[in-house]
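What the coordinates show
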Amino acid sequence: MARNSGISTSSVQRIWRAFGLQPHRAETFKLSTDPLFVDKVRDIVGLYMSPPDHALVLCVDEKSQMQALDRSQPLLPLSPGQAERRSHDYKRHGTTALFAALDIATGQVLGRCYRRHRASEFRRFLDAIDAAVPADLDIHLILDNYATHKAPKIKAWFARRPRYHLHFTPTYASWLNQVERWFALLSERQIRRGVHRSVEELEEAVNAFIALNNAAPRPFRWTKPADDILQSIARFCQRTLAIHATS
């Protein structure tokens, strides 16, 4: 950059710092193409910020293809001046899928592990939800657009239970589903650093994390109104269009 611009390296560094530029970093993005994007954002954010009375709001999703990994060498723990280290290679011992429902009011999680994540497993999980929630409350489920959630047997299950109300996130907008944030905590604090020599060990670790979460649950607090989210996305789209118009 300095050579091509005809200025010194230190000048380039000062300019980068002044404008907060970090050329070595890159991030990914995906804008939703859902024609009902605005309506769905308003609907789901409204549930978070003003949940209905006499009802439960549950964020439901699957964390599929969780791998039971055994590192080829033991982990080296954190020590003064040295970060935790683990070998780059590992042995795979199978996969499992976690179905989870996060109660946005309490932060408690209902979870079940299944070896597959088809409509039949999702229906079994819905049965577990139905058995666990109070019978006198309406249930609002926030789901993504995964085909499993819209299979004929799932539609029939909901048709027989009118107290369930479905709210689908927009396409490519799973960040609206709070259970995704809980999945990130599960990965960061339990799975990524763990050593699991079998699928059973992995499932035990997942269930232990759920039990620990439910012993002292902490709900996520949604603070950004739908209008602020939509305005932020609009500004991003305008900047993106401007960049393409001048390139």
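Throughout what follows, the structure given in this document is the object of discussion. (Residues numbered from 1 in each chain as written. Predicted model: local features only at pLDDT ≥ 70, side-chain atom pairs only at ≥ 80, totals over all residues. Heavy atoms only, no water.)

Another aspect to go through is unusual backbone geometry. In this structure, His54 takes a positive phi of about 55 degrees despite not being glycine. Mapped onto the fold, His54 is located in the loop between α3 (37-49) and β1 (55-71). Among the residues examined, His54 registers a relative accessible area of 68% and is labelled exposed. The phi angle at Tyr172 is positive, at roughly 60 degrees, despite the residue not being glycine. Structurally, Tyr172 can be placed in the loop between β5 (164-168) and α6 (178-191). Classification of Tyr172 by relative accessible area gives partly exposed; the value is 46%. (Helix = DSSP H or I, 4+ residues; strand = E, 2+ residues; numbered from the N terminus. Buried < 20%, exposed > 50% of the residue type's maximum accessible area, 1.4 Å probe, protein only.)

Our next topic: the sheet that holds strand β4 (residues 138-143). Whether parallel or antiparallel, the strands of a sheet pair through hydrogen bonds between backbone atoms. Ordered by their spatial adjacency, five strands build an open sheet running β3-β2-β1-β4-β5, and the pairing between neighbours is mixed. The open sheet terminates on both sides in strands that have one partner only, identified here as β3 (109-114) and β5. The mean angle between the axes of side-by-side strands here comes to 25 degrees, regardless of whether they run parallel or antiparallel. Here six bridges tie strand β2 (residues 90-103) to β3, and the two strands are oriented antiparallel to one another. Paired with Leu98 across the strands is Cys113, a residue of β3. α3 contacts β1, β4 and β5 of the sheet and is inclined by roughly 125 degrees relative to β5. Of the strands in this sheet, β1, β2 and β3 touch α6, which is tilted by about 30 degrees from β1. (Pairing = 2+ DSSP bridges. Axes fitted to C-alpha atoms, helices over the stretch in contact; angles between N-to-C directions. Contact = heavy atoms within 4.5 Å.)

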